[in-house]
Amino acid sequence: MRMVRTMMLEVLRQDYIRTAWAKGLRHRVIIVRHALKNAMIPVTTLIAAQMVVLIGGSVLIEQIFGLPGLGRHMFHSIMQRDYPMVSSINLVLASAIVFLNLAVDMSYAYLDPRIRYR
């Protein structure tokens, strides 16, 4: 929330927001359509980075709390020296992170119309 607030304050000082106010647009339209969409770009990047940390921390959390999942399965595979299983779980987790980064990059095009992927 601090990041959203900081980015909103920065975006609200931009010239295009001042122009939107001068055109007479409603407060809600300026905040949601113009300011919030542009302020969400760095926030989206930060959320994606935190999601990567959460995926990586699943091994520790699942082992501590005894939850079933890929993290616990990976821990048991490491303890039993089942290297093919460790490699396959690592591949699944890395693929999830790659697709998460792809989704974040694609969301940039929605949030900022100046960004186009061809």
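All values derive from a computational prediction rather than experimental measurement.

Novice: For this particular structure, what's the right way to read the overall build of the protein?
Specialist: Per the secondary structure count, the protein includes 6 helices and 0 strands. A principal-axis box enclosing the C-alpha atoms of the protein has dimensions of 65 × 35 × 15 Å. Across the protein, every contact between residues at least 6 apart in sequence was considered, and the portion connecting residues at least 24 apart equals 42%. Working note: accessible area of the protein is about 8,800 Å², and carbon and sulfur atoms make up 66% of it. Across the protein, the mean location of the 14 positive side-chain charges is 11 Å away from that of the 6 negative side-chain charges.

Novice: Help me understand the pattern of salt bridges in this model?
Specialist: Once their charged atoms are close, side chains differing in charge can pair, the charge on each being opposite to the other. Tallying each qualifying case throughout the model produces 1 salt bridge. A salt bridge links Arg18 to Asp15, with the shortest nitrogen-to-oxygen separation between them at 2.9 Å. Residue Arg18 and its partner Asp15 are located together in helix H2 (residues 15-23), separated by 3 residues, close to a single helical turn. Looking at Arg18, the relative accessible area reads 52%, which means it is exposed.

Novice: Looking at this structure, how should I read the side chain of Thr44?
Specialist: Residue position: Thr44 is located in helix H3 (residues 27-56). Take Thr44: its relative accessible area is 14%, and that puts it in the buried class. If near-sequence neighbours (up to four positions away) are discounted, Thr44 is found in contact with Val104, Ser107, Tyr108 and Leu111.

Novice: Even after reading the chapter, I still don't get the packing of aromatic side chains, so can you show me in this structure?
Specialist: Aromatic ring pairs are described here by two measures, namely the spacing of the ring centres and the angle between the planes. What the rule picks out here adds up to 0 aromatic pairs. Over the aromatic face of Tyr110 sits the side chain of Lys37, whose NZ or CZ is 4.5 Å from the ring centroid.

Novice: Teacher, can you tell me more about the environment of Ala35 here?
Specialist: One can find Ala35 in helix H3. Given the relative accessible area of 0%, Ala35 is considered buried. Here the alpha-carbon distance between Ala35 and Asp105, two residues 70 residues apart in the chain, equals 19 Å. Beyond its immediate chain neighbours, meaning those up to four positions away, Ala35 contacts Met8, Val11, Leu12, Ile17 and Ile30.

Novice: Whenever I open this one, a nonpolar patch on the surface confuses me. Can you help?
Specialist: Together, Leu60, Ile61, Ile64, Phe65 and Leu67 line one region of the surface with nonpolar side chains, adding up to about 520 Å² of accessible area. Inspection of the secondary structure assignment puts Phe65 in helix H4 (residues 58-65).

Novice: What should I look at first to understand the nonpolar core in this one?
Specialist: Core analysis: the biggest nonpolar cluster contains 9 residues, these being Met7, Met8, Val11, Ile17, Ala20, Ile30, Ala35, Ala39 and Val43. When contributions to this core are tallied by element, the ones reaching two or more residues are helix H1 (2-12), H2 and H3. For Ile30, the residues in contact, after removing those within four places along its chain, are Ile17, Ala20, Trp21, Leu25 and Ala35. Within the second largest apolar cluster, 5 residues are counted, among which are Ile41, Ala48, Tyr108 and Leu111.

Novice: Is there a simple way to think about helix H5 (residues 70-79) in this case?
Specialist: Side chains three or four residues apart in an α-helix point the same way, a direct result of the helix having 3.6 residues per turn. Considered for burial, the residues of H5 that qualify are Gly71, Met74 and Ser77. Viewed end-on, H5 has its buried residues packed into an arc of 125 degrees, placing them on one side of the element. Those residues of H5 hidden inside the fold are in contact with H4 and helix H6 (83-111). Directly beyond the C-terminal end of H5, a positive phi value near 55 degrees is found at Arg81.

Thresholds applied
- Residues numbered from 1 in each chain as written.
- Predicted model: local features only at pLDDT ≥ 70, side-chain atom pairs only at ≥ 80, totals over all residues.
- Heavy atoms only, no water.
- Helix = DSSP H or I, 4+ residues; strand = E, 2+ residues; numbered from the N terminus.
- Contact = heavy atoms within 4.5 Å.
- Areas by Shrake-Rupley, 256 points an atom, 1.4 Å probe, with all protein chains shown as cover.
- Lys, Arg positive; Asp, Glu negative; His and termini not counted.
- Charge placed at Lys NZ, Arg CZ, Asp CG, Glu CD.
- Salt bridge = Lys/Arg side-chain N within 4 Å of Asp/Glu carboxyl O.
- Buried < 20%, exposed > 50% of the residue type's maximum accessible area, 1.4 Å probe, protein only.
- Phe/Tyr/Trp six-rings, centres within 6.5 Å; stacked < 30°, edge-to-face > 60°.
- Lys NZ or Arg CZ within 6 Å of the ring centre and 35° of its normal.
- Patch = residues over 30% accessible without salt bridge, like charges linked within 9 Å, V, L, I, M, F, W, Y side chains within 5 Å.
- Core = buried A, V, L, I, M, F, W, Y, C linked by side-chain atoms within 4.5 Å.
- Arc of directions from axis to C-beta.

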